[in-house]
Amino acid sequence: LSLYSSPARETKYVENPQTQLEEGVSRLRHVMEPYTAWCQLGFIFFLGTELIDSTKVKVDSSLCSDFFSEGCEFLQNPPAGFYPRLGVIGFAGIVGLFLARGSRIKKLVYPAGLMGIGASMYYPQQAVSIAKVS
């Protein structure tokens, strides 16, 4: 026997048979395919898009620009001290994640609570109005 040669191994690819779950999902996808295509076309026309090719879709940007224009204007011309306040509130959330080791409930409550406390320090009038509503 040579050190560098190995005996030829016979390998054969065997495909695993589909399970009942896989077959059921496959049947469901084939049955629902016309309806999903209809919904996709309805959604495209709802957004006001124009079909250029069968592969390219041009989205009308006026819908998005109307929706986000106020937020963009606010971020371009923020009030004095907005970014430091935002940093403190965000840092409070990170500290809350650090303190909330262990429980999933703590991971939800601690960051939200600390961010709420930080936001209520900087925006007390809005915090009072929210507290009155709830």
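Everything quoted here is computed from the prediction, not taken from an experiment. (Residues numbered from 1 in each chain as written. Predicted model: local features only at pLDDT ≥ 70, side-chain atom pairs only at ≥ 80, totals over all residues. Heavy atoms only, no water.)

### Here's the deal with the overall build of the chain
Move 1: Within the chain, the regular secondary structure consists of five helices and two strands.
Move 2: Sequence-ordered secondary structure for the chain, helices as α and strands as β, is α-β-β-α-α-α-α.
Move 3: Looking at the 134 residues of the chain, the share that counts as buried comes to 7%.
Move 4: Long-range pairs, those at least 24 residues apart, make up 22% of the contacts in the chain between residues at least 6 apart in sequence.
Move 5: Entry remark: accessible area of the chain is about 12500 Å², with carbon and sulfur atoms responsible for 64%. (Helix = DSSP H or I, 4+ residues; strand = E, 2+ residues; numbered from the N terminus. Buried < 20%, exposed > 50% of the residue type's maximum accessible area, 1.4 Å probe, protein only. Contact = heavy atoms within 4.5 Å. Areas by Shrake-Rupley, 256 points an atom, 1.4 Å probe, with all protein chains shown as cover.)

### Notes on a nonpolar patch on the surface
Move 1: Judged by side-chain polarity, Phe 98, Leu 99, Ile 105, Leu 108, Val 109 and Tyr 110 come together as a nonpolar surface patch covering roughly 660 Å² of accessible area.
Move 2: Looking at the nonpolar patch, the elements that each hand over two or more residues are α3 (82-99) and α4 (104-122).
Move 3: The element contributing the most residues to the nonpolar patch is α4, with four residues.
Move 4: In this structure, Leu 108 sits in helix α4. (Patch = residues over 30% accessible without salt bridge, like charges linked within 9 Å, V, L, I, M, F, W, Y side chains within 5 Å. Salt bridge = Lys/Arg side-chain N within 4 Å of Asp/Glu carboxyl O.)

### Some remarks on the packing of aromatic side chains
Move 1: In total, this model carries one aromatic pair according to the counting rule given.
Move 2: An angle of 65° between the planes, with centres 5.3 Å apart, marks the rings of Phe 82 and Tyr 83 as edge-to-face.
Move 3: Between Arg 101 and the ring centre of Phe 98, over which it is positioned, the NZ or CZ distance is 4.8 Å. (Phe/Tyr/Trp six-rings, centres within 6.5 Å; stacked < 30°, edge-to-face > 60°. Lys NZ or Arg CZ within 6 Å of the ring centre and 35° of its normal.)

### A look at α3
Spacing of three or four residues puts side chains on the same side of an α-helix, whose turn is 3.6 residues.
Move 1: Its 18 residues give α3 an end-to-end C-alpha distance of 26 Å, which sits within 8% of 26 Å, the value for a rise of 1.5 Å per residue.
Move 2: The complete set of buried residues in α3 reads Phe 82, Ile 89, Ala 92, Gly 93 and Gly 96. The arc that holds every buried residue of α3, seen down its axis, measures 95°, which confines them to one face. Along α3, the residues that are exposed and aim more than 90 degrees away from the buried face are Pro 84, Phe 91, Ile 94 and Phe 98. (Expected span 1.5 Å × (residues − 1). Arc of directions from axis to C-beta.)

### Side note on the confidence of the model for the chain
Move 1: The predicted model of the chain has a mean per-residue pLDDT of 79, with 77% of residues at 70 or higher.
Move 2: Overall, residues 49-60 carries pLDDT values under 50, and its contacts beyond four positions in sequence, including any with other chains, amount to 14 contacts. (pLDDT = per-residue confidence, 0-100.)

### Some words on the packing of α3 against α4
To describe two helices that pack against each other, one gives the angle between their axes and the distance between the axes.
Move 1: Between α3 and α4, the shortest axis-to-axis distance is 7 Å and the interhelical angle comes to 155°. As the angle between them shows, α3 and α4 are arranged roughly antiparallel. You can see that α3 and α4 cross each other, and the crossing is right-handed. Residue-level contacts link Arg 85, Val 88, Ile 89, Ala 92, Gly 93, Val 95, Gly 96, Leu 97 and Leu 99 of α3 to Lys 107, Tyr 110, Pro 111, Leu 114, Met 115, Gly 118, Ala 119 and Tyr 122 of α4.
Move 2: Each residue belonging to the contact of α3 with α4 can be placed in one class, and the counts come to twelve nonpolar, three polar and two charged. (Axes fitted to C-alpha atoms, helices over the stretch in contact; angles between N-to-C directions. Parallel < 35°, antiparallel > 145°, perpendicular 65-115°, else oblique. Left-handed = near helix turned anticlockwise from the far one by under 90°. Nonpolar A, V, L, I, M, F, W, Y, C, P; charged D, E, K, R; others polar.)

### Description of the environment of Phe 91
Move 1: Considering the arrangement of structural elements, one finds Phe 91 in helix α3.
Move 2: According to the relative accessible area criterion, Phe 91 is exposed, its value standing at 55%.
Move 3: Taking the C-alpha atoms as reference, Phe 91 lies 9.4 Å from Gly 118; in sequence the two are 27 residues apart.

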